[in-house]
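# Observations on chain architecture
In case you want the letters, here they are:
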There are 2 protein chains.
Amino acid sequence: MSGNSLASWNDGTSKQSILDFVARVTTTGVPDFVPPADRIAVFDNDGTLWCEQPVIQLAHVLQRWEEMAQQDPALRNQQPWKAAVEKDWTWFRTAITKHYGGDESDMPALSKGVLAAFEGLTTEEFAARVAAFFRTCAHPSLKRLYRDCGFAPMVELLRFLEAHGFTNYIVSGGGRDFIRQIAGDIYGIPQERIVGTSTSLAFREQGDGGDLLHQARLDVFDDGAAKPARIWGRIGKRPILAAGNSNGDIPMLQFTNKPPRQALRLLVLHDDAAREFAYTSGAEKALALAKQYGWTVVSMKNEWKTVFA
Amino acid sequence: MSGNSLASWNDGTSKQSILDFVARVTTTGVPDFVPPADRIAVFDNDGTLWCEQPVIQLAHVLQRWEEMAQQDPALRNQQPWKAAVEKDWTWFRTAITKHYGGDESDMPALSKGVLAAFEGLTTEEFAARVAAFFRTCAHPSLKRLYRDCGFAPMVELLRFLEAHGFTNYIVSGGGRDFIRQIAGDIYGIPQERIVGTSTSLAFREQGDGGDLLHQARLDVFDDGAAKPARIWGRIGKRPILAAGNSNGDIPMLQFTNKPPRQALRLLVLHDDAAREFAYTSGAEKALALAKQYGWTVVSMKNEWKTVFA
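Residues numbered from 1 in each chain as written. Chains lettered and ligands numbered in written order. Predicted model: local features only at pLDDT ≥ 70, side-chain atom pairs only at ≥ 80, totals over all residues. Heavy atoms only, no water.

Moving on: the relation of the copies chain A and chain B. Overlaying chain A on chain B yields an RMSD of 0.0 Å, the required transformation being a rotation through 180° with an accompanying axial translation of 0.0 Å. Viewed as a symmetry operation, the transformation between the two copies matches a two-fold axis. When each C-alpha of chain A is compared by its distance to the rotation axis, A:Arg234 comes out closest, at 3.6 Å. Of the residues that chain A buries at the interface, 100% are likewise interface residues in chain B, meaning the two copies contact each other through the same surface. (Least-squares fit on C-alpha atoms with pLDDT ≥ 70 in both. Contact = heavy atoms within 4.5 Å.)

Below, the structure written as structure tokens:
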């Protein structure tokens, strides 16, 4: 990749918006010029930089639940371990559908399972597990390794922005310590620029050293209104470019706009059933706001020459 | 400053420890070599990079309490606003002394005052206030602006480490958004590499934009065992060098050690009543552990040619 082109983007509204915006903020001497230190770009991950059908992190948790149930047979009669062992995807789909319909009856079991999955592991042990997962596990229908599920045009955009003095961050509702193990390889974004959901970490002192252990407790769920707060907490600046694909990205996209400074907001639209998936579930409000406020909607079908590398 | 010398350090144990450590981890082909991306150095701020008698951030809060009491006369009869208006430093000293003795009777008023001080301000409004504070406010006994209270040998160390491929972070019990406004000027450390105590920030949506508002609620008190967790949360790596000066830095100093990898731990000792201050209060345990584990104790009196630039 040249780092200086958007070769896998078709000529069209989105590509032109990106080119125009980057030209405006990087031209010295014009009012819209933004110095390189303030060229901050933030990207949601699931559905924005890689596919989210199914959520890749869920496959990692499922693998762990099966492992836990092998070690402790009593778990095989409890949800969500039971569904994981029996590969009963209907149970998971029903739990999520009920949740969206306001019925939270399966949520306590699901949350408990997610939080218990890696309890007691050190940060290094968890990292090694995630790295192993990405070496071997493949997407069920796309028939490619999860590590190859990044969207090529978005990776190209990351390089294009870097070539123009931007600094890219991931700001994801997914797990911070999960994404960190793969973001360098897929996206070229280093570990310190991954913001995401996290479980609490407890320090266990041991003589002149010590480790951080994953706790069965949520630290921050990095979605919705938490995203702007986490961006400020991490970076101390407002971004000038934000990309998302769902309702959980709305506050991040809004926060990026601070007139008279220029801002570019991108919303990835999953409308490509042939090459990826077609759905707008969970993005309805974001799409309505994009129309209302003129955010740039990126149609995968129309604007991307290729989806995967 | 050349960026490549420790000219304001006297020849002695500390300078030699730093030079030896940096040589070991930056020499390619030896077992102790650490690649540049993993050369992470973390620094406490109060008492490690600048003076902490009195705590500089407290001066900023006091200024705000006086302002609040001017606008709302009812506050003048309530602590801590009353003590701030009357410049009754004894009240503050007594509150802290009582706290260390286990008597928390003044703490609710003090905490409430600290958290209420900037409630409702946007992150940008808060930043502008802090910047104004640093332009004009001076240390009461050192007779220099607070912005000139950084320790010259430590600033020199930051440049020396950078020149050898290290990335420096501040990890402070002080306020993240307070330090951020001055760390670039004093230490050359950018806003995204400041980790510190924070109040909760709430996103207020406003049409196609929105702001983050300071809440009267603590988010994270970044001290003690919180420091390693925050370092991991922010950086995703263990540091190989850590510098502190008090008991609150102990877990950070321990976490930095992960044999067989090399690690350098520095503990600044305030033993220079003539040029700065002499005290070990709040550092007793850290000094005992430094002796037990061989951490490098930096005597300001003996090892620094100059204290302030």
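Residue and element names in this part refer to chain A. Restricting attention to buried positions, one finds in helix H11 (residues 284-293) the residues Ala-286, Leu-289 and Ala-290. Seen along its axis, H11 keeps its buried residues to an arc of 105°; they face one direction. Exposed side of H11, more than 90 degrees from the buried face: Lys-291 and Gln-292 are the residues found there. Buried-residue contacts for H11 involve helix H10 (250-255), strand E6 (264-271) and strand E8 (296-299). Just past H11, the residue Gly-294 takes up positive phi, approximately 80°. (Buried < 20%, exposed > 50% of the residue type's maximum accessible area, 1.4 Å probe, protein only. Helix = DSSP H or I, 4+ residues; strand = E, 2+ residues; numbered from the N terminus. Arc of directions from axis to C-beta.)

Let us now look at the interface of chain A and chain B. Of the residues lining the interface, 35 residues belong to chain A; the matching set on chain B comes to 35 residues. For the chain A face of the interface with chain B, the top three residues by lost area are A:Phe203, A:Asp208 and A:Trp232, together amounting to 22%. The tally of links from chain A across to chain B stands at 8 salt bridges. In this structure, the salt-bridge partner of A:Arg238 is B:Asp211, at a minimum N-O distance of 2.6 Å. Across the chain A-chain B interface, the total number found is 30 residue pairs in polar contact (both at pLDDT 80 or more). At the level of elements, helix H6 (123-136), helix H8 (176-187), strand E3 (194-206), strand E4 (209-220), helix H9 (226-235) and H10 of chain A are the ones that each hand at least two residues to the side of chain A that touches chain B. Broken down by element, the residue count for the side of chain A that touches chain B peaks at 6 residues, all from H9(A). The class makeup of the residues in the side of chain A that touches chain B is 13 nonpolar, 9 polar and 13 charged. (Buried area = accessible area lost by both parts, 1.4 Å probe. Salt bridge = Lys/Arg side-chain N within 4 Å of Asp/Glu carboxyl O. Polar contact = N/O pair within 3.5 Å; in protein donor to acceptor, adjacent residues only side chain to side chain. Nonpolar A, V, L, I, M, F, W, Y, C, P; charged D, E, K, R; others polar.)

For B:Glu192, the location among the structural elements is in the loop between helix H8 (176-187) and strand E3 (194-206). Sequence separation between B:Glu192 and B:Tyr169 is 23 residues, and the spatial gap between their C-alpha atoms is 8.7 Å. Among all residues touching B:Glu192, those that are not within four sequence positions of it are A:Tyr169, A:Arg234, A:Ile235, B:Tyr169 and B:Arg234.

Residue and element names in this part refer to chain B. Turning to its location among the elements, Phe-33 is positioned in the loop between helix H1 (13-26) and strand E1 (40-43). For the pair Phe-33 and Phe-308, spaced 275 residues apart in sequence, the C-alpha separation works out to 33 Å. Setting aside its immediate chain neighbours within four residues, Phe-33 contacts Arg-24, Val-25, Thr-26, Thr-27, Thr-28 and Arg-39.

Here we come to the side chain of B:Thr122. By the secondary structure assignment, B:Thr122 is in the loop between helix H5 (107-116) and helix H6 (123-136). Residue contacts for B:Thr122: discarding those within four places in its chain leaves B:Arg204, B:Asp211, B:Leu212, B:Leu213 and B:His214.

Time to look at the pattern of salt bridges. Side chains that differ in sign of charge can pair as their charged atoms come close. Evaluation of the coordinates by the stated rule reveals 40 salt bridges over all chains. Residue B:Arg24 is joined to B:Asp32 by a salt bridge in which the shortest nitrogen-to-oxygen separation is 3.9 Å. Look at B:Asp32 and you get partly exposed, because its relative accessible area is 22%. Here the salt bridges share partners, and the residues they tie into one network are A:Glu124, A:Arg204, A:Asp211, B:Arg238 and B:Lys258.

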